[in-house]
Amino acid sequence: MQIRPIARSELSELLALYTHLHADDDLPPDDGTAERIWDELLDSGLYRYEGAYVDGQLVSSCTITVIPNLTRGGRPYGLIENVVTHADHRGRGYARAVLQDALSFAWAQGCYKVMLMTGRKDEATLRFYESAGFDRHGKQAFIARP
């Protein structure tokens, strides 16, 4: 297994992996829109897409966003989203590895905390995130949708 940031040229591999994220997700954007969004994300310097590779294939990923902040002495905070592992590769530690790499990146950026939210309610998923270093009781999340 190799853990590294996902390269700019690997957008199609990431989008293919995202089909394993939500069975009932919206369709992905068209190629031109996806490439424009991808370039904007990578060029901003605030986002990092971590990937786990097995035999050169992207099998797991997450996104870490480092958010500038005017509190906590000006230290940023991090937000992890879109944790996904290809269905054929689950249960082998790949997601844990990308999460650990994302956390290491956030700490190196001076983040004072990293947050992660999940819509999953099953106890196994919640225990997995706890075992990866997250506290499910530390804060309460609220979601607003249009």
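Since the structure is predicted, the reported quantities are computational estimates derived from the model, not experimental observations.

Looking at the overall build of the protein
Within the protein, the secondary structure is distributed over four helices and five strands. Taken from the N to the C terminus, the helices and strands of the protein come in the order β-α-α-β-β-β-α-β-α. Taken over the C-alpha trace, the protein has a radius of gyration of 15 Å; the compact-globule value for 146 residues is 15 Å, and the two agree within 12%. With respect to the principal axes defined by its C-alpha atoms, the protein has extents near 40 × 35 × 35 Å. Per-residue burial for the protein yields a buried fraction of 35% across its 146 residues. Contacts in the protein between residues at least 24 apart in sequence constitute 63% of all its contacts with a sequence separation of at least 6. As displayed, the protein has an accessible area near 9,300 Å², and 50% of this comes from carbon and sulfur atoms.

Some thoughts on helix α4 (residues 123-131)
Considered for burial, the residues of α4 that qualify are Thr-125, Leu-126 and Tyr-129. When α4 is viewed along its axis, its buried side chains cluster within an angular range of 100° and face the same direction. Packing partners of the buried residues in α4 comprise β4 (77-85), α3 (94-108) and β5 (114-116). One or two residues past the end of α4 sits Gly-133, with phi positive at roughly 110°.

Rules of the game
- By convention here, each chain's residues receive numbers from 1 onward along its written sequence.
- Only residues with pLDDT of at least 70 get local features here, since the model is predicted, and only at 80 or more are side-chain atom pairs given and counted; chain-wide, interface and lining totals rely on the full set of residues.
- The basis for every side-chain value is the complete set of heavy atoms in the structure, and neither hydrogens nor water enter the calculation.
- In DSSP terms, a helix is any run of H or I states spanning at least four residues, a strand is any run of E spanning at least two, and both are numbered starting from the N terminus.
- Radius of gyration here uses only the C-alpha atoms, and the compact-globule reference equals 2.2 Å multiplied by the residue count raised to the power 0.38.
- Residue burial is assigned from relative accessible area. The probe radius is 1.4 Å, only protein chains are included, and a residue is buried under 20% of its type maximum, exposed over 50%, and partly exposed in between.
- When checking whether two residues touch, look at their non-hydrogen atoms; a contact exists if any pair is within 4.5 Å.
- Using a 1.4 Å probe, the Shrake-Rupley method yields the accessible areas, and only the shown protein chains count as cover for residues.
- What the arc covers is the set of directions going from the helix axis to the C-beta atoms.

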